[in-house]
Amino acid sequence: MSTATVAAAAGNYLSTPTLDAESSNLLQTISSHGGYAYVRMSTLAASGDFRAAEAAREMAWEQLHSGPWHSVLPAWRDAYSMACLHVAKFHYRNGEFKESLRVLDLGLIMGGVLLKKDLESAIEIVTAKSREKESEGFEKGPKCKFVEEGDEFDKEEVLRVLPEKSLSSKIVVKKSGLSLEGFLREHFLSGSPVIISDCMAHWPARTKWNDMDYLKRVAGDRTVPVEVGKNYLCQEWKQELITFSEFLVKIQSNDSSSAVPTYLAQHQLFDQINELRKDICIPDYCCAGGGELRSLNAWFGPAGTVTPLHHDPHHNILAQVVGKKYVRLYTSSVSEELYPYTETMLCNSSQVDLDNIDDGQFPKVHDLEFLDCILEEGEMLYIPPKWWHYVRSLTISFSVSFWWSNSESSDAS
Ligand SMILES: O=C(O)CCC(=O)C(=O)O
Ligand SMILES: [Fe+2]
C-alpha cells in the first residue's frame, strides 16, 4: 500500500462508513444463528459509544472462554473480532495507537475469519500512523545483536545442560546444496532426517532478525501469545498475551539458569505480522510429495527453552534463523517404548522427561537408539512425520517450522 493509499484509508477508518456496513452484515450472519445475545452484542458494538463497544467485547470474550476452544460457536469469534474493530476505532481516534493495535491483534489472535481482512487493513493503517508519530523523535542507536558471530561453545559446558547420552552416538547427517531430487530420493521417501546447510543465506531474516532494533521497529507494538513455564506438560505452565517489545526485554534479561523461560512457541506469527513474513522464503523442499503447506510457525525465545518429546503428523522443515538448538530424534517405530500419554489431547507427547528420566517408571527408554544434533544458525532440519523430537535452545534462538502434508495424507489436519 502506498503512503497516499494508507492516508486515504486512514481517513476512511476515522469516519468508518465501511465498518458499519460490515457490522450490519455480521449482524445478519450472527442473527442467523438465532441467539438473542449475539444480536444484542452486535448492536452494542456498532453503537457509537466506547463503553458499549467495550461491553460487547467483554461479552464475546466471556463466550470465548466459556468452554473448550473447539466448542465455541464460530459466530462468537466473529462477534469478538467485530467488537475489537469498534473498540480499536475509538482508541485510534484518540491517538492511542498502541492501544488500538493491541485490541486489533487480540481480534486477529482470538477472533474468527470473517473480519480478518478488516482487522489486517486496520492494523496497516494504525501502524502507519503510529510510526509517523514515533519517527518524529526517533534516533537510531547502535545495532544491538542477540547472538554475536563466533560465540563459540565449550562442548563440555553444553553437555552439562543436555539430556544424558547426548551427542555421543548417531549425529543427523548434514548435507550442503542438497537438490530437491536428492532430498526426495534420499530423505523424503525413506523418511530419514537430514540437516540441510547453505540454503537460507538469501533470507532477509538471516541478517534482520538478529537485530533487536529491527524487530522492535516492525513488531514492537504488536501483541503475541507466549508460553511461560518449564514446558507445556508442567503444572505451572501458562500462556500470556504481551507485546513483542515486552517479550524482547524478557528475552534479553533472561538468565538461562532461572527456571521460567518465556517462549513464543508454535505461533503463526507470519499470518499476523506481514513484514516478518516478507523476511522468510518457503523452502522448495516443502513441495516434495505434491504436498500442501499446513502451517508456518515461529519459535522464538531465550536460551534454555525446552519443547518436550513429542511427534507431529506432518513433514517438517525446522529452519534455524538465529542462534542454536539441540534436537534429539527417535524414529516412529519406537513409539511404544516412549510411553505416550493416553489422553487424546496429549497422545502425541511422551510421558518421559528426557532431562530427568525416571528409569523405574520408564525402563525401556534408556537403551533406545536416537539421532541428535546441534542445529546451527542458517541450517534446516528435516523431521519426517511421526518422528519423535525433543528440542532445547542453547542460545537466544529464533526458528521457523514449515509443516506440510502429502495431498493424499489421511492425517493432515
Ligand atoms: O523448536 C522447538 O522448540 C520445537 C519445534 C517443533 O516441535 C516443531 O517444529 O514441530
Ligand atoms: Fe514438533
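Since this is a predicted model, take the numbers as computed values, not measurements. (Residues numbered from 1 in each chain as written. Chains lettered and ligands numbered in written order. Predicted model: local features only at pLDDT ≥ 70, side-chain atom pairs only at ≥ 80, totals over all residues. Heavy atoms only, no water.)

Describing the sheet that holds strand 8 (residues 306–310)
Argument step 1. Spatial ordering of the open sheet is given by 1-11-10-13-8, a layout of five strands whose pairing is mixed. Edge positions in the open sheet fall to strand 1 (170–171) and strand 8, since each of these has one partner strand only.
Argument step 2. In the sheet, strand 8 pairs with strand 13 (residues 388–393) via three bridges, with the strands oriented antiparallel. Paired with His310 across the bridge in strand 13 is His389. (Pairing = 2+ DSSP bridges. Helix = DSSP H or I, 4+ residues; strand = E, 2+ residues; numbered from the N terminus.)

Quick look at the coordination of the iron ion (ligand 2)
Argument step 1. The coordination sphere of the iron ion (ligand 2) contains the protein donors His310 (NE2), Asp312 (OD) and His389 (NE2), at a distance range of 2.1 to 2.2 Å.
Argument step 2. Taken in chain order, the donor set of the iron ion (ligand 2) reads H-x1-D-x76-H. Note on accessibility: His310 and Asp312 belong to one class, buried. (Donors = N, O, S within 2.8 Å, 3.2 Å for Na, K, Ca; no water. Buried < 20%, exposed > 50% of the residue type's maximum accessible area, 1.4 Å probe, protein only.)

Examining the layout of surface pockets
Argument step 1. Counted as a void, the largest pocket has a volume near 2000 Å³.
Argument step 2. Forming the boundary of the largest pocket are 46 residues, of which Trp69, Pro225, Gln239, Gln266 and His267 lie nearest the centre.
Argument step 3. Secondary structure elements with two or more residues in the lining of the largest pocket: helix 4 (50–64), helix 6 (97–110), strand 4 (223–228), strand 5 (238–243), strand 6 (262–267), helix 13 (269–272), strand 7 (292–301) and strand 8.
Argument step 4. Tallied by class, residues from the lining of the largest pocket come to 21 nonpolar, 18 polar and seven charged.
Argument step 5. Residues from two domains meet in the lining of the largest pocket; each of domain 1 (3–135) and domain 2 (155–405) gives at least three. (1 Å grid on protein atoms, 1.4 Å probe; cavity = no way out; pocket = protein on both sides within 12 Å on 5 of 7 lines; lining within 4 Å. Points joined across faces, edges and corners; volume = space filled by probe spheres on them. Nonpolar A, V, L, I, M, F, W, Y, C, P; charged D, E, K, R; others polar. Domains from an automatic or database assignment.)

Brief notes about empty space enclosed by the protein
Argument step 1. Tallied over the full model, the rule gives four cavities of 30 Å³ or more.
Argument step 2. Among the elements of the structure, strand 6, strand 8, strand 9 (315–322), strand 13 and strand 14 (397–405) are those that each provide at least two residues to the lining of the largest cavity.
Argument step 3. Here the residues of the lining of the largest cavity are counted per class, giving six nonpolar, six polar and two charged.
Argument step 4. Its boundaries defined by the atoms lining it, the second largest cavity holds a volume of some 70 Å³.
Argument step 5. If you trace the second largest cavity, you find it lined by Glu164, Lys165, Arg328, Tyr330, Ile357, Val365, His366, Leu368 and Phe370.
Argument step 6. Of the residues assigned to the lining of the second largest cavity, the class counts are five nonpolar, one polar and three charged.

Regarding the pairing of strand 13
Argument step 1. Buried residues dominate strand 13, accounting for six of its six residues.
Argument step 2. Every second residue of strand 13 is oriented toward a common face, with Trp388, Tyr390 and Arg392 on one face and His389, Val391 and Ser393 on the other, all of them buried.
Argument step 3. Note that strand 10 (residues 325–330) and strand 13 share six bridges and pair antiparallel. If you follow Tyr326 over to strand 13, its bridge partner there is Arg392.

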